[in-house]
Amino acid sequence: MTVAISAPIVNELERLWIEMEWRRCAADPEYFIRTYVWIESERDPRGREPFRLWDYQERSLDAYLQRRFVVILKARQLGFTTLAMAYALWQLLFKPRANILLISKSQDSADKNLGMARFMYSFLPEWLKVRGPQLDGDAAKQMAFKFSDGTTNRLKSFAGTKTAGAGETASLVILDEFALMEDPANTYRTIKPTTDAGGKLIIISTARGGTNMFAKIYREGKRGVNEFFSIFEPWNSSRLISEEQYELKKREFAAEPWLFFAEYPSSDEEAFRESGRPRFAWIPAEDSLDEFMHRGFVDDGPAGLEFVNDEIGALHLAYPPEAIEWQRQFVIAADPSLGVGADYSAAHILQLHEDGTPEIVGYYHSNTIEPGDWAVELDAMGRYFTGSGQPAALMVIENAGGIGVSLIDKLRNQFNYQNLYRYLPPVNAKRRRAAVFGFPTTKATKPLIINRLAEYIVDDGIGEAKIMNIHPKLREELSTYVRRENGTTAADIGCHDDLVMSLAIGVYVLLEEIQPVGGHLIGETLQPGEFQLDLSSIYQEAEMIQRHEAKENRRFWTAHRRNTRRTRRTRGW
């Protein structure tokens, strides 16, 4: 039996359905995009197709909703700009008082992206256009929508210049292909304050080198030291490029692979590379590393030398002082700089285990300390990290002339440092074998120490290096340390290698010069007729107790760091 429904009831049901559907779209942008947004398509004979989100686009859309600041490093042809335009359209229709700034590398690119949003709006259902705010202005560089209460939403396009968006207050800013802009640093300085009233900022780009503002924001976001949530999507996230097509494209850039990886990276390290091939074929996974939790400086006060915690200190320790193996000898290897905000003064504090495993106990990293002041700190650090049989840590200064020489001279003559390393050239050296203070990095010695370091930057079978306590800053430098076309190795263009060089020098000296626990210790020589009471058994017992306590402390801190890392991964920090 057919039941006739009167026109008024049909109209009311239709009105209720429209209102319910409108509210569902307002509450769920993913539903709105999947259900009602169409995008341009060359695959469909109609020239358009429904916007079907891929899994990585769903994750990014969720980040747009949950975070104020998102930065995306991507391969080509992943549809992130399209997703950003669909999200901007959703805000235009459902978020009153939205003022959205769309900024791209050029005005043409920005207008093209604005046209993408205009295309999406044109194919929305008519009922949705009627229920929502009315299109009140559709100019070349702007779309405006007016609500029934008189408020207006706007989407404006700008070229990425240093004055783009100046004076605006934005609810959302989209910086598209940020790294390709003419002056991204100044564009960012102008745009960021437009979000100070609570607006959101989405940065999308392929890589164009590892030292520009985009790379800086992405890396700092990844380390959790700025406000941004970093997202990386590799080339194989795309359903538009097959493995065969990828390999064909890669062969075209065989001579300069970094140009290819900037467009089709498999990792963010590949994306940011500017020259050469990686010297270290394997490095630990980033999420397997944690920053050293104990940060501060060595204070030489009235109470003697002590480590003082300071959240902005340049000295980072893997363990608290009570957990350090003080029975082992120490090497401090230092790579000096001018301290004017460019290269870093870097040092690694190292020990050698009984089985020959090098361990990083701590590191120093600062680009604002002048050489004279650093000599004071190195002297205190060396006297603080005094191991068994050492008057002070074996201090190895890179001696490439200039700063290294002045640093060595200050430690020798002003501080009378007791354990400065002296390099003795090999027997087959062309020049006379005369020891020199410090470690000279030359065409002959640099490959020697880098190759030795590479022997220990390898997977030990469980995803960790054969050097204990690789830290995130060191990992970043290892990832950007490349082999050039002429066979030499160096930091990638615009990158730093201070931590790599200090570690390479330290590991070489540690393995060549330092005896592990159980080896011969430095002691006084008895004169004829003298005798010495043998207290070695007492000392050995005390030493064993201290080592046991230190190991227990180290186990605790290692487990603590592991649990912290697991918690961060679980919670998505």
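Source: prediction; values computed, not measured.

### A closer look at the sheet that holds strand 3 (residues 69-74)
Pairing within the open sheet is mixed, and its 8 strands lie in the order 5-6-7-4-8-9-3-10. For this open sheet the edge positions go to strand 5 (134-139) and strand 10 (229-233), each flanked by a neighbour on one side alone. Neighbour-to-neighbour, the strand axes of the sheet open up by a mean angle of 15°, direction not taken into account. By the bridge criterion, 4 bridges tie strand 4 (residues 99-104) to strand 8 (residues 172-176) in an arrangement that is parallel. Note that in strand 8 the partner of Ile100 across the bridge is Leu172. Contacting strand 3, strand 4, strand 6 (142-146), strand 7 (152-159), strand 8, strand 9 (200-205) and strand 10, helix 4 (residues 80-94) runs over the sheet at an angle of about 165° to strand 8. Packing of helix 5 (residues 107-122) onto the sheet brings it into contact with strand 4, strand 5, strand 6, strand 7 and strand 8, and relative to strand 7 it is tilted by some 150°.

### So, the side chain of Thr206
Residue placement: Thr206 occurs in the loop between strand 9 and helix 8 (213-223). Within the local environment of Thr206, its side chain forms a polar contact with the side chain of Glu177, the two groups lying 3.2 Å apart. Setting aside its immediate chain neighbours within four residues, Thr206 contacts Leu73, Lys74, Ala75, Arg76, Glu177, Ala179, Leu180, Phe214, Ala262 and Glu263.

### Let's talk about the sheet that holds strand 21 (residues 481-483)
In spatial order, the strands read 11-21-22; together these 3 strands make up an open sheet with antiparallel pairing. The sheet is open, and its two borders are formed by strand 11 (277-278) and strand 22 (489-491), each paired with just one other strand.

### As for helix 12 (residues 371-384)
For helix 12, which comprises 14 residues, the first-to-last C-alpha distance of 20 Å matches the rise-based estimate of 20 Å (1.5 Å per residue) to within 8%. Of all the positions in helix 12, only Pro371, Trp374, Ala375, Leu378, Asp379, Ala380, Met381, Gly382 and Tyr384 are classed as buried.

### Topic: the environment of Gly198
Its location among the elements puts Gly198 in the loop between helix 7 (184-191) and strand 9. Take Gly198: its relative accessible area is 44%, and that puts it in the partly exposed class. Along the sequence, Gly198 and Thr169 sit 29 residues apart, while their C-alpha atoms lie 9.4 Å from each other.

### With respect to the pattern of salt bridges
The final tally for this structure, using the stated rule, is 23 salt bridges. Between Arg59 and Glu233 there is a salt bridge; the shortest N-O distance is 3.3 Å. Of this pair, Arg59 sits in helix 3 (residues 55-66) while Glu233 sits in strand 10; the two residues are 174 residues apart in sequence, bridging distant segments of the chain. Two residues, Arg208 and Glu263, come together in a salt bridge whose shortest N-O distance is 2.6 Å. One end of the pair, Arg208, is in the loop between strand 9 and helix 8; the other, Glu263, is in helix 10 (residues 257-263), with 55 residues separating them in the sequence. Classification of Arg208 by relative accessible area gives partly exposed; the value is 36%. The network of salt bridges with common partners includes Glu19, Arg23 and Arg131.

### Remarks on the nonpolar core
Among the nonpolar cores identified, the biggest contains 72 residues, and Phe280 and Phe385 are the most heavily contacted of them. At 10 residues, helix 16 (residues 498-513) tops the list of elements feeding residues into this core. Ignoring any residue separated from it by four or fewer positions in sequence, one finds Phe280 in contact with Ile450, Leu453, Ala454, Ile457, Leu478, Tyr481 and Val500.

### Structural notes on helix 4
Across its 15 residues, helix 4 extends 21 Å between first and last C-alpha, which sits within 8% of the 21 Å expected from 1.5 Å per residue. In terms of burial, helix 4 is a largely internal element, 15 of the 15 residues being buried.

### Regarding a nonpolar patch on the surface
On the surface, a cluster of nonpolar side chains totalling about 430 Å² of accessible area is made up of Ile5, Ile9, Val10, Leu13 and Leu16. Within the secondary structure layout, Ile9 lies in helix 1 (residues 7-27). Among the residues examined, Ile9 registers a relative accessible area of 45% and is labelled partly exposed.

### Digging into unusual backbone geometry
Backbone geometry follows two general trends: most residues other than glycine have a negative phi, and most peptide bonds adopt the trans configuration. The backbone of Gln77 shows a phi angle near 60°, a positive value even though the residue is not glycine. Locating Gln77 in the fold gives a position in the loop between strand 3 and helix 4. The class for Gln77 is partly exposed, based on a relative accessible area of 42%. At Asn469, a position not held by glycine, the phi torsion is positive, near 75°. Inspection of the secondary structure assignment puts Asn469 in the loop between helix 14 (445-454) and helix 15 (472-479). For Asn469, a relative accessible area of 13% translates into the label buried.

### Remarks on the packing of helix 14 against helix 16
Interaxial distance between helix 14 and helix 16 falls to 8 Å at its minimum, and their mutual angle equals 85°. Considering their axes alone, helix 14 and helix 16 lie roughly perpendicular with respect to each other. The segment helix 14 lies against helix 16, with Lys446, Leu448, Ile449, Ile450, Arg452 and Leu453 engaging Val500, Met501, Leu503, Ala504, Ile505, Val507, Tyr508, Leu511 and Glu512. For the contact of helix 14 with helix 16, the residue count by class is 12 nonpolar, no polar and 3 charged.

### A word on the confidence of the model for the chain
Residues of the chain with pLDDT of at least 70 account for 87%, and the chain-wide mean is 87. The element-level mean pLDDT for the chain is lowest in helix 17 (residues 536-571), coming to 60, with strand 14 (residues 315-317) highest at 98. When the criterion is pLDDT under 50, residues 517-536 qualifies, and its contacts beyond four places in sequence or with other chains add up to 8 contacts.

### Some words on the packing of aromatic side chains
Two aromatic rings, taken as a pair, are described by how far apart their centres are and by the angle between their planes. Evaluated as defined, the whole model comprises 33 aromatic pairs. Pairing Tyr364 with Trp374 gives two aromatic rings, centres 5.5 Å apart and planes at 35°, and the pair type is tilted. Linking Tyr364 in strand 17 (residues 358-366) with Trp374 in helix 12, this pair joins segments that are 10 residues apart in sequence. Both residues of the pair, Tyr364 and Trp374, count as buried. Three or more aromatic residues joined by ring pairs form one cluster here, namely Phe69, Phe178, Tyr188, Phe214, Tyr218, Phe228 and Phe272. When the ring centre of Tyr121 is taken as origin, the NZ or CZ atom of Lys129, which lies over that ring, is 5.2 Å away.

### Describing the pairing of strand 3
Across the 6 residues of strand 3, 6 count as buried, placing the element largely inside the fold. Here strand 3 shows a buried face lined by Phe69, Val71 and Leu73 and a second buried face lined by Val70, Ile72 and Lys74. Inspection of the sheet shows strand 3 paired to strand 9 by 5 bridges, in the parallel sense. The partner of Phe69 across the bridge, within strand 9, is Leu201. Across 5 bridges, strand 3 lies against strand 10 in parallel orientation. Within the sheet, the bridge partner assigned to Ile72 lies in strand 10 and is Ile231.

Conventions used here
Residues numbered from 1 in each chain as written. Predicted model: local features only at pLDDT ≥ 70, side-chain atom pairs only at ≥ 80, totals over all residues. Heavy atoms only, no water. Pairing = 2+ DSSP bridges. Helix = DSSP H or I, 4+ residues; strand = E, 2+ residues; numbered from the N terminus. Axes fitted to C-alpha atoms, helices over the stretch in contact; angles between N-to-C directions. Contact = heavy atoms within 4.5 Å. Polar contact = N/O pair within 3.5 Å; in protein donor to acceptor, adjacent residues only side chain to side chain. Expected span 1.5 Å × (residues − 1). Buried < 20%, exposed > 50% of the residue type's maximum accessible area, 1.4 Å probe, protein only. Salt bridge = Lys/Arg side-chain N within 4 Å of Asp/Glu carboxyl O. Core = buried A, V, L, I, M, F, W, Y, C linked by side-chain atoms within 4.5 Å. Patch = residues over 30% accessible without salt bridge, like charges linked within 9 Å, V, L, I, M, F, W, Y side chains within 5 Å. Areas by Shrake-Rupley, 256 points an atom, 1.4 Å probe, with all protein chains shown as cover. Parallel < 35°, antiparallel > 145°, perpendicular 65-115°, else oblique. Nonpolar A, V, L, I, M, F, W, Y, C, P; charged D, E, K, R; others polar. pLDDT = per-residue confidence, 0-100. Phe/Tyr/Trp six-rings, centres within 6.5 Å; stacked < 30°, edge-to-face > 60°. Lys NZ or Arg CZ within 6 Å of the ring centre and 35° of its normal.

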